[in-house]
Amino acid sequence: MFNPSLFVVLATLLIVPLSNGLYFHIGETERKCFIEEIPDETTVVANYKVELYDPRSGGFMPSSPGIGMHVEIKDPDDKTILSRVYSSEGRISFTSHIPGEHVLCMYSNSTAWFSGSQLRVHLDIQVGEHTIDYANVAQKEKLTELQLRIRQLLDQVDQITKEQNYQRYREERFRQTSDSTNQRVLWWSVAQTVVLLIMGVWQMRHLKSFFEAKKLV
């Protein structure tokens, strides 16, 4: 028998991204930003690694310890929730407190070593329960395989609930925007109608005065 609730859970699991792994090149004074839509009270972890271009080999090599990245994260209200300099390889972690689009920006902490070359930055962003190291959790809490699996399922259900609440939040904001737009269109139409009526009355009075002046009426 078809279970609608199970379908919703499976569909949400397909929609929610597990992680976003990518790499990009960055030059001197260049700034790269990424937008991530995150529900509230959700942990986000970004692992990164910086490589420096080697003109002799024509490839990218592990960067020196002096090369680092300045990371800045802003919430949907454009408030800075994290701003600090990291080393050439590391882990960035923060927790969202309001739902919406969070902006993560990265740029080099120095330009002295560039000499016109480039950096390659490997970045892997993980959200929600995918940030949890379950092997470490099982070892610390001495969980059996079944207990660990139940823990994972509970975390997934919690994340799905947050995602669904975020979708409802987006739908509510979209509805409010649509209602506001429709109301403005309505008042604009009313204003146009009033202006046309006023112009019609004025033209009729003007024509009547004109005909009276010409003694045609």
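Residues numbered from 1 in each chain as written. Predicted model: local features only at pLDDT ≥ 70, side-chain atom pairs only at ≥ 80, totals over all residues. Heavy atoms only, no water.

A. Examining the state of the cysteines more closely. Considering all chains together, one arrives at 1 disulfide under this definition. In this model, C33 is linked to C105 through a disulfide, with the two sulfur atoms separated by 2.0 Å. Taking the sign of the S-S torsion, 110 degrees for the link of C33 and C105, the bridge is right-handed. Separated by 72 residues along the polypeptide, C33 in strand 2 (residues 31-38) and C105 in strand 8 (residues 100-108) bring together distant segments of the chain. (Disulfide = S-S within 2.5 Å. Helix = DSSP H or I, 4+ residues; strand = E, 2+ residues; numbered from the N terminus.)

B. Structural context of the sheet that holds strand 8. Reading across from one edge, 2-8-5-6 is the order of the 4 strands in this open sheet, with antiparallel pairing throughout. The strands lining the two open edges of the sheet, one partner per strand, are strand 2 and strand 6 (80-86). Adjacent strand axes in the sheet meet at a mean angle of 15 degrees, parallel and antiparallel pairs treated alike. With 6 bridges connecting them, strand 5 (residues 69-74) and strand 6 associate as antiparallel partners. Paired with I73 across the bridge in strand 6 is L82. (Pairing = 2+ DSSP bridges. Axes fitted to C-alpha atoms, helices over the stretch in contact; angles between N-to-C directions.)

C. View of the pairing of strand 9 (residues 119-127). Here strand 9 shows a buried face lined by L119, V121, L123, I125 and V127 and an unburied face lined by R120, H122, D124 and Q126. Bridge analysis of strand 3 (residues 43-54) against strand 9 gives 9 bridges, and the strand direction is antiparallel. Looking at strand 9, one finds that V44 is bridged to V127. (Buried < 20%, exposed > 50% of the residue type's maximum accessible area, 1.4 Å probe, protein only.)

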